[in-house]
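Structure at a glance
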Amino acid sequence: NRELGLMDMIKELDKIGHEIAYISGFKLEENFNRSEFPNAIWHDYHDARAGIAPAQVDDSAFPPPGEDLINKLVDIESTILVLMNKRFEWMGENQKKHLYYRYIQYWDGVIKKYQPDAIIMPSAPHTIYDLVVYGLAKLYGIKTIIFELTAIYDRSIIMNDYVRGFERLQKKLVENKGKNFSVSDLDADIRKYYENQINPHESSTPYIIKSLGDIYSPQNITKAKSTALWRSLRDRVFWERLGKRIARIGQGSPQKEYESLQAEPDFSRKYIYMPLHYQPECSTCPLGGVFVDQLLAVKILSYCLPADWMIYVKEQPFQWKPRGPVYFKYRFEGYYKILASLPNVRLVPISTDTFKLIENATAVASVSGTAPWEGLFRDKPGIFFGYPWYRDCHGLFKVTDVASGREAIEKIKNGFKPDRQELINYLANLQTVSPNLFRFPHLKVLSSISVEQNIKNHVEAIVRELENI
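Here we summarise the structure given alongside this text. Keep in mind the model is a prediction, meaning the values are calculated, not measured. (Residues numbered from 1 in each chain as written. Predicted model: local features only at pLDDT ≥ 70, side-chain atom pairs only at ≥ 80, totals over all residues. Heavy atoms only, no water.)

Quick look at the sheet that holds strand β5 (residues 156–159)
By way of backbone hydrogen bonds, the strands of a sheet pair with one another, either parallel or antiparallel. Worth spelling out the cut-off: Two strands are said to pair when DSSP picks up at least two bridges between them. Think of it this way: any DSSP run of H or I at least four residues long counts as a helix, any run of E at least two long counts as a strand, and we number them from the N terminus. Angles run from 0 to 180 degrees between N-to-C directions of axes, and those axes are lines fitted to C-alpha atoms, restricted for helices to the stretch in contact. The contact definition used throughout considers only heavy atoms, calling two residues in contact when any of these lie within 4.5 Å.
Spatially, the three strands line up as an open sheet ordered β3-β4-β5, and their pairing is mixed. In this open sheet, the two strands that pair with only one neighbour each are β3 (118–121) and β5. Each neighbouring strand pair of the sheet contributes to a mean axis angle of 20°, computed without reference to strand direction. Bridging between β3 and strand β4 (residues 143–149) involves four bridges; their strand directions are parallel. Looking at β4, one finds that Ala118 is bridged to Lys143. Contacts from helix α7 (residues 129–140) reach β3 and β4, with the element oriented near 145° to β3.

So, in C-alpha cells, the structure goes:
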C-alpha cells in the first residue's frame with residue numbers, strides 16, 4: 001500500500017521499461033492512483049475472489065474450460081477446494097467446483113489475451129483465485145516471482161515454485177559447502193535474531209504471534225463480523241449462512257472438546273512436540289500440501305513412534321477466537337477426539353509454554369510451521385511436513401509417509417543432533433539471498449530500512465528475476 005511504498009515500487013518498474021499489464025489486490029482505490037497506469041487492468045480482490053471480471057475486461061468470448069485443461073490442473077484442484085473453506089464455507093461442494101471452473105475460464109482467457117512474461121505474487125498463492133493463476137502460469141511456462149517471508153524479521157526469499165523451493169539459496173549452499181562461517185560474519189539483523197533465539201532469557205515468540213492479540217481483539221473481531229454480515233446481505237446469502245450457523249451452535253464447542261481431553265505434559269518422558277497450525281492459512285494450504293489435514297501428519301508420526309515415546313500436541317492459542325464457540329470445517333466435531341484416541345498422543349493445555357515444550361522435547365515437528373526451526377537453535381532435531389521456507393537447513397527431516405517417518409525417527413532415536421555450525425552456515429548463506437523487504441505493516445515495525453530502501457530492494461529483486469526469463 002501507499003505507506004509501505006508498494007505503489008512506488010510498481011511505478012519504478014514501469015519507469016525502467018516493464019509494462020504493468022494487470023493489477024489485482026485489496027483496496028486498490030485507496031492504495032493506488034489509476035491515472036498513473038492508464039493501460040493496466042485493475043481487478044479488486046473481492047471481485048476476483050467472487051469470479052467477477054473487472055469492467056475493463058470483456059470476458060464474454062473466453063471459452064469455458066474443457067476436460068483436457070481441467071485435468072492438466074488437477075494438482076491444484078483439491079487445494080483450491082480446501083482454500084474455499086476460508087471464504088466460501090457456506091457453499092455446497094458443487095457450487096465451489098463451479099466457481100473453480102469459472103476461475104479457470106476467466107484467468108485462462110486473461111493469460112492468453114494479455115500474454116504476460118512474468119507474474120509477481122507477494123506471497124505463496126493462497127487467496128484462491130491466485131492459485132489458479134499460478135497453476136496456469138506453470139502450465140504455460142510463464143515465470144512466477146513469489147516473495148516468501150522468513151521468520152527473521154523482514155527478511156524475504158524469492159522463489160518461482162513453492163514446491164521446488166528457493167533455488168538461489170540451494171545453489172549458495174552448494175557453492176559454500178565445506179566453508180564454515182562465524183556469528184561475526186552474520187549481518188546485524190540476522191546476528192541479533194540468532195543471539196535472541198539462543199538466549200534463554202529473551203522472548204523468542206515471533207512478532208506476528210504477538211500481534212495476533214491485537215488482530216483478534218474484541219474490537220477487531222466485531223469489525224470483521226460486521227463486514228461479513230454486510231457482505232452476506234449484499235450477496236443475498238444471509239439467511240442461508242445464519243441457518244447453518246444456528247445448526248452448528250447446537251453441536252457443542254471445539255474449545256470445550258479440547259479442554260475435556262487435555263492433560264499436563266510429563267517432561268520426564270521422551271516425546272515429540274507438535275503444535276497445531278492456525279487454520280485456514282497459507283502455512284498449511286498450500287504450503288502444507290496434503291498435510292493441510294494435520295490429523296494425517298500426527299497419525300503418521302504416531303504410527304512410527306517407539307513404544308515408550310509420546311507426541312505432545314498443542315492447539316494454536318488463537319484458533320478459536322475468530323470463529324467463536326462453534327465447530328467448522330478445520331476443527332469439526334470430534335477433531336480432538338481423533339487425536340486423543342491415538343495411544344501415544346497427548347493434548348496439552350494451550351497455556352503450556354511453547355519453548356519449555358521445545359527445550360524438553362526429543363524432537364520438534366510441524367506442518368510447515370516455525371517450531372522445528374526454533375528447535376534447531378535449542379539443539380533439537382526437527383521434522384517437517386510440506387514446504388516450509390527453512391527446509392534446506394541441516395538438522396531437519398522431511399516426512400511424507402510412514403517410511404520416511406520411520407527413517408527420521410530411527411536416526412533421532414540413535415542420537416542424531418543438529419550441528420550448530422551448520423545452522424550458522426545456513427544463516428550466512430541465507431543472508432546473501434534474502435533482502436530486507438516489508439509488504440505488511442507488522443514487518444515495517446520490525447525493519448531497519450526506510451520506505452525508500454524498501455522500494456529499491458523490491459525493484460532490484462524483481463529485476464534480477466526478470467533478467468533470467
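Describing the side chain of Asp108
As a reminder of what qualifies: Here's how the labels work: a residue is buried when its accessible area is under 20% of the maximum for its type, exposed when over 50%, partly exposed in between, all with a 1.4 Å probe on protein chains only. The definition of a polar contact used here is a pair of N or O atoms within 3.5 Å, where within protein one atom must be able to donate a hydrogen and the other to accept one, and adjacent residues in sequence count solely through side-chain atom pairs.
Along the chain, the position of Asp108 falls in helix α6 (residues 93–114). What makes Asp108 buried here is its relative accessible area of 6%. Within the structure, the side chain of Asp108 is placed 2.5 Å from the side chain of Tyr140, a separation counted as a polar contact. Each residue touching Asp108, except ones within four places of it in the same chain, is listed here: Leu69, Tyr103, Leu136 and Tyr140.

Brief notes about helix α1 (residues 6–15)
How we decide: The arc refers to the directions leading from the helix axis to the C-beta atoms.
Those residues of α1 that fall on the buried side of the exposure criterion are Leu6, Met7, Met9, Ile10 and Leu13. Seen end-on, α1 carries its buried residues on one side only, within an arc spanning 160°. Directly beyond the C-terminal end of α1, a positive phi value near 105° is found at Gly17.

What about the packing of aromatic side chains?
This is how it is decided: Think of it this way: a Phe, Tyr or Trp ring, Trp meaning its six-membered ring, pairs with another when their centres are within 6.5 Å, and the plane angle makes it stacked under 30 degrees, edge-to-face over 60, tilted otherwise. Each ring is checked for a lysine NZ or an arginine CZ that lies within 6 Å of its centre and within 35 degrees of its normal; such an atom marks a charge sitting over the ring.
Scanning the model with the defined rule gives 30 aromatic pairs in all. Aromatic pair Trp373 and Phe377: ring centres 5.1 Å apart, planes at 85°, arrangement edge-to-face. As far as the burial class goes, Trp373 and Phe377 line up, both buried. A ring pair is formed by Trp389 and Tyr390, whose centres lie 5.6 Å apart and whose planes are at 85°; its orientation type is edge-to-face. Residue classification places Trp389 among the buried residues on the basis of a relative accessible area of 7%. A residue is classified by how much of its surface remains accessible, and Tyr390, at 0% relative accessible area, is buried. If you follow Arg391 out to its NZ or CZ, it ends over the ring of Phe166, 5.9 Å from the centre.

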